[in-house]
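What follows is the residue order along each chain.
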Amino acid sequence: MSRIGKLLLAVFILIGCLIFASALFGGLMDDRAFTPAAQEAAH
């Protein structure tokens with residue numbers, strides 16, 4: 001894999017980790033997201 005490819009992969013992984021961390025600490029993943037009603041709406 002080229003150096004640019006490795007760099008892009010690392011950037012995408014970093015962005016994914018930042019989004020996941022901001023969701024955890026920002027309160028986006030609160031208990032309301034895992035209620036049965038929300039799960040039914042997601043399916």
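Before reading further, recall that the structure is shown in the block above.
Residues numbered from 1 in each chain as written. Predicted model: local features only at pLDDT ≥ 70, side-chain atom pairs only at ≥ 80, totals over all residues. Heavy atoms only, no water.

**Student:** Mind showing me how you'd approach the overall build of the protein chain here?
**Tutor:** When its secondary structure is counted, the protein chain shows two helices and zero strands. Buried residues in the protein chain amount to 2% of all 43 residues. Only carbon and sulfur atoms are counted for the fraction: they give 73% of the accessible area of the protein chain, which is about 4100 Å². (Helix = DSSP H or I, 4+ residues; strand = E, 2+ residues; numbered from the N terminus. Buried < 20%, exposed > 50% of the residue type's maximum accessible area, 1.4 Å probe, protein only. Areas by Shrake-Rupley, 256 points an atom, 1.4 Å probe, with all protein chains shown as cover.)

**Student:** What is the right way to look at a nonpolar patch on the surface in this model?
**Tutor:** A cluster of nonpolar residues, L7, V11, I15 and I19, forms a patch on the protein surface that exposes about 370 Å² of accessible area. Within the secondary structure, L7 is located in helix 1 (residues 3–25). (Patch = residues over 30% accessible without salt bridge, like charges linked within 9 Å, V, L, I, M, F, W, Y side chains within 5 Å. Salt bridge = Lys/Arg side-chain N within 4 Å of Asp/Glu carboxyl O.)

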